[in-house]
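# Examining the three-dimensional arrangement
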Amino acid sequence: MRLNILAFAAGVLLLQWQAELPPWGLWGFIGVLGWLPAWRWPGHGSRVLAAVACLLVGFSFACWRADVRLADALPMALEGQDIELVGVVASLPQDFSHGTRFEFAVEKPLTVTNGIPQRIMLSWYRERAKSALDLPPEKRVIKPGERWQMTVRLKRPHGNANPHGFDYEAWLFERNIRATGYVRPNPTQLLDEMVWTPGNMVERIRYQIRERLLAVLPAEQYPLTGILVALAIGDQKSVNGDLWTTFNRTSTTHLFSVSGTHITMVAALLAGLVGWAWRRVPALALRLPAQRAALIAGCLTAFGYVFLAGFGVPAQRTLYMLLVAALAMSAGRILAPSRTLSLALLVVLLIDPWAVLSAGFWLSFGAVGALLFVASALTGESQGWRQRLHAWGGLQWTASLASLPVLLLIFQQFSLVSPLANALAIPVISLIVTPLSLLAALIPWWPVLWLAHTILGWLMVFLEWCALFPVWQTPAAPLWSALLAALGVTILLLPRGMVGKGLGLVMLLSIIFWPAQRPAAGTAQITVLDVGQGLAAVIQTQTHTLIYDPGPLYSAESDAGQRVVVPYLRALGVNRLDMLMVTHRDSDHAGGLASVQAAIAVDEVRSSLVEIPGSRCEAGQRWTWDGVDFEVIHPATKAYERARKANPLSCVLMVDADGRRMLLTSDIEAESEREILQRYAGKLAADVLLVPHHGSRTSSTPEFIAAVGANAAVIPVGYRNRFGHPKAAVVERYEAAQIPVWRNDRDGAVMIALAAEGVEISAWRQQKRRYWMAQE
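Reading guide: rules and limits
Residues numbered from 1 in each chain as written. Predicted model: local features only at pLDDT ≥ 70, side-chain atom pairs only at ≥ 80, totals over all residues. Heavy atoms only, no water. Helix = DSSP H or I, 4+ residues; strand = E, 2+ residues; numbered from the N terminus. Rg over C-alpha atoms; globule rule 2.2 N^0.38 Å. Buried < 20%, exposed > 50% of the residue type's maximum accessible area, 1.4 Å probe, protein only. Contact = heavy atoms within 4.5 Å. Areas by Shrake-Rupley, 256 points an atom, 1.4 Å probe, with all protein chains shown as cover. Salt bridge = Lys/Arg side-chain N within 4 Å of Asp/Glu carboxyl O. Axes fitted to C-alpha atoms, helices over the stretch in contact; angles between N-to-C directions. Parallel < 35°, antiparallel > 145°, perpendicular 65-115°, else oblique. Nonpolar A, V, L, I, M, F, W, Y, C, P; charged D, E, K, R; others polar. Pairing = 2+ DSSP bridges. Disulfide = S-S within 2.5 Å. pLDDT = per-residue confidence, 0-100. Left-handed = near helix turned anticlockwise from the far one by under 90°. Phe/Tyr/Trp six-rings, centres within 6.5 Å; stacked < 30°, edge-to-face > 60°. Lys NZ or Arg CZ within 6 Å of the ring centre and 35° of its normal. Core = buried A, V, L, I, M, F, W, Y, C linked by side-chain atoms within 4.5 Å.

## Considering the overall build of the chain
- Helix and strand content of the chain: 27 helices and 26 strands.
- Relative to the compact-globule value of 28 Å for 776 residues, the chain shows a C-alpha radius of gyration of 29 Å, a close match.
- In terms of overall dimensions, the chain has C-alpha extents of about 100 × 70 × 60 Å along its principal axes.
- Per-residue burial over the chain gives 52% buried out of 776 residues.
- Once local pairs closer than 6 in sequence are excluded, the contacts in the chain between residues at least 24 apart make up 71%.
- Summed over all atoms, the accessible surface of the chain reaches about 35,500 Å², with 61% contributed by carbon and sulfur.

## Structural notes on the pattern of salt bridges
- Summed over all chains, the structure comprises 21 salt bridges.
- Measuring nitrogen to oxygen at the nearest pair gives 3.8 Å for the salt bridge that ties Glu 20 to Arg 769. Highlighted residues: Glu 20 in the loop between α1 (2–15) and α2 (24–40) and Arg 769 in the segment after α27 (764–767), separated in sequence by 749 residues.
- The class for Arg 769 is buried, based on a relative accessible area of 18%.
- Arg 210 is the partner of Asp 235 in a salt bridge, and the nearest nitrogen-oxygen pair spans 3.2 Å. Here Asp 235 is found in the loop between α6 (225–233) and α7 (241–250), whereas its partner Arg 210 is found in helix α5 (residues 198–216), with 25 residues between them in sequence. The pair formed by Asp 235 and Arg 210 is uniform in burial state, with each residue classed as buried.
- The network of salt bridges with common partners includes Asp 82, Arg 153 and Arg 184.

## Side note on the packing of α6 against helix α15 (residues 418–442)
- Closest axis-to-axis distance for the α6/α15 pair is 9 Å, and the angle between their directions is 85°. Accordingly, the angle class assigned to the pair α6 and α15 is roughly perpendicular. Here Leu 228, Leu 231 and Ala 232 of α6 lie close against α15, whose contacting residues are Ile 429, Val 433, Thr 434, Ser 437, Leu 438 and Ala 441.
- Of the residues belonging to the contact of α6 with α15, the class tally is 7 nonpolar, 2 polar and no charged.

## Comments concerning the pairing of strand β1 (residues 82–89)
- The buried fraction of β1 amounts to 6 of the 8 residues, a majority that puts the element mostly inside the structure.
- In this structure, β1 lies alongside strand β5 (residues 147–155), joined through 7 bridges in antiparallel fashion. If you follow Val 88 over to β5, its bridge partner there is Arg 147.
- Pairing analysis gives 5 bridges linking β1 to strand β3 (residues 99–109), with the strands arranged antiparallel. Looking at the pairing, Val 89 lines up with Phe 104 of β3.

## Looking at the state of the cysteines
- Scanning the model with the defined rule gives 1 disulfide in all.
- What pairs with Cys 617 in a disulfide is Cys 651, and their sulfur atoms sit 1.9 Å apart. What sets the handedness of the Cys 617 and Cys 651 disulfide is the S-S torsion sign, and at about -60° it is left-handed. With Cys 617 in the loop between β17 (615–616) and β18 (622–625) and Cys 651 in the loop between α22 (637–642) and β20 (652–657), the pair connects residues that are 34 residues apart, well separated along the chain. For the pair shown, Cys 617 and Cys 651 are each scored as buried.

## Quick notes on the confidence of the model for the chain
- Mean pLDDT for the chain: 87, with 93% of residues reaching 70 or above.
- Here residues 130–139 is a poorly scored stretch, pLDDT under 50, and it has 12 contacts once near neighbours within four places are set aside; other chains count.

## Here's the deal with the packing of α1 against helix α12 (residues 337–351)
- With their axes 10 Å apart at the nearest point, α1 and α12 run at an angle of 30° to one another. Taken as axis vectors, α1 and α12 run roughly parallel relative to one another. At the point where α1 passes α12, the crossing takes the left-handed sense. Listed contacts from α12 to Arg 2, Ile 5, Leu 6, Phe 8, Ala 9 and Val 12 of α1 are Ser 338, Arg 339, Ser 342, Leu 343, Leu 345, Leu 346, Leu 349 and Leu 350.

## Quick word on unusual backbone geometry
- In this chain, His 634 is followed by Pro 635 through a cis amide linkage whose omega measures 5°.
- Structurally, Pro 635 is set in the loop between β19 (628–634) and α22.
- Omega for the bond connecting His 725 with Pro 726 falls within 30 degrees of zero, at -5°, which places this linkage in the cis form.
- If you trace the backbone, Pro 726 turns up in the loop between β23 (712–715) and α25 (728–736).
- Even without being glycine, Ser 666 reaches a positive phi, approximately 50°.

## Some points on the packing of aromatic side chains
- By the definition in use, this model includes 22 aromatic pairs.
- Look at Phe 303 and Phe 307: their rings are 4.6 Å apart centre to centre, the planes differ by 45°, and that puts the pair in the tilted class. In this pair, Phe 303 and Phe 307 are both assigned in helix α10 (residues 290–308), 4 residues apart and thus about one turn of the helix distant.
- Relative accessible area serves as the criterion here: at 41%, Phe 303 is assigned to the partly exposed category.
- Accessibility expressed as a relative area gives 33% for Phe 307, which makes it partly exposed.
- Aromatic ring contacts, followed pair by pair, group Phe 8, Trp 24, Phe 61 and Trp 64 into a single cluster.
- Over the face of the ring belonging to Phe 96 we find Arg 101, whose NZ or CZ atom lies 4.3 Å from the ring centre.
- Here Arg 616 stacks its cationic end above the ring of Tyr 640, 4.0 Å away from the centre of that ring.

## Some points on the nonpolar core
- Membership of the largest hydrophobic core comes to 41 residues, with the highest contact counts inside it found for Ile 227, Phe 247, Phe 256, Ile 429, Leu 456, Leu 459 and Leu 463.
- Broken down by element, the residue count for this core peaks at 10 residues, all from helix α16 (residues 446–466).
- The contact partners of Phe 247, leaving out residues within four places of it in the chain, are Ile 227, Val 239, Thr 252, Thr 253, Phe 256 and Met 460.
- If you look at the next biggest cluster of nonpolar residues, it comprises 40 residues, including Cys 63, Ala 315, Val 348 and Val 368.

The following block contains the structure:
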């Protein structure tokens, strides 16, 4: 059974690597045909045949589920159109700097007949919520379960596509959110204060608990209240963003949401209380054994807590394991822990085949599997305090070691003090803070919350001290290295005295010390990252790295530096920048500056901004790194004296690798283009051109395009941006000059390799295409 379930899971995972959906019926039919003889003639050979059949069935099942979900799509013709809808707020609203964001279950489109997905995500910006201002004060906040009639503008799911970056489209797809958009300022109408369905009731309860906890301990005065909210209802977005840095550096992130440990603890506590009380009422004990009553109470408690927590993958896994174990105990059977874990895995994938896309899925099942593997060896050992302390330390070491391959593969970093931090944090959070948070959710009494907040504050002092220790960072390693490391971890966790543990250590070292991949001497690698409507480019030579703009500011809470640039640099193995060039003041270019400077050491900052410490970029500046020549060709000194806008001061950079050149132009406009043509007449030829000002009509004059004579053009532009970039007339100019155009909104990150042998250009969406990705 376990082998077949693992094969089914492998089939589900295999589907998630496909660029297009294959015909699911054919593969399912072949799988069933392969399983029949394995069932009819059992034997060693039939086990292999059965596993292959289960793999094909898993592949076909996931393909069928994906096909159904993809069918619920927004037609391209409806993108950007005003559409009037009636629907229900279906999730906890999340406030951000300019408004609130929530999931919306569409019940009926009023201005179109069909084509609107069943579930969408909407942003309601405060300046646009005109009709909401006419409501009573208590109704000026969106609440789960409310039915609204509103006008919206939608677009198909689309996210930034970058190497080693977060796949927002996959995240939306897993949650069955098939369109995103925003509420238009047209009058909106609240139709019903509550639509009574089980899902809406759960979300309304979660909302009320969050509001009560925040009202008792305001986040402005008690900065850790958001953690208590997260532990009670699984709302991680309530946690202050700065705290996640501490959690990441100590590998304690898993503790500050509803995890399997918390669910098991709460279920065991309630089951124990019910069993104790049940035995003391003879009438109840005669009707139903106390053990079975305790099992039912524990399962119901776990079920309720999981739904209250938002039904995340770790919570699902724990719930299904508890249910399987409870059913086995009720039937008088004892299941091996590995069978329980396998059945939980099967149930998770049957309900949510896209769970395999989540890092939490692999961390959760991997850590629990390793703990069960090691715990079996500890059974029967002495229970003195020294032995218990030794066992506790061994389990912490096991969990940390088991998570190492996944953490380095996905996040490229690992906390060296993780075992120490978790050894204290796990009992404090699971046995003290979480029970107090749940008690406060039921009885929002100030002393209970204050006590939980105080204890949590003491723990944070310890974790902040742990966060001062270095974090091991390594460049992104290939998948085979992580699989080899996982095998090495398995060998290292074998019982004491087993031979071959040195081999396991060697296997693990491959991912820990994976070398950074750098361009050869005399060549340059330039990546124009997909940061939406803005610009961020990374230029690498053999031993040097330069950032040409750190990207846009998205909101008061996030920017491209934090979400795109820094993770990309970490994946490259870059821990120091030789130069950070901020071309001009506009927030779509300079918005990520603070995040980049906070995360990574910068040797030199060069910009056209007088308020930024560093040197000024001026035409004529030249330097050479590893045989690659760099030259700033704009702005000239006089431009600083007369410029009143930021765009004419944009730093323009020419990169020359043994005669292969790329011209990066930022946001220069037509006047700046003419000045450059006058100063560098006959010297502007380049193989690749970063299109000025995102393809605005104020730039890319025919004379400039002809003078550069590029063989390819790259437009840094956001999907369906509000400026309408790039303008159709500008794109037509490049097409008329027979210059192929690459675009971030269509192609994702664009990678350009400059070398004497030639220029190679590739796009991330083409290299790593997945079936759920938007097709332009």
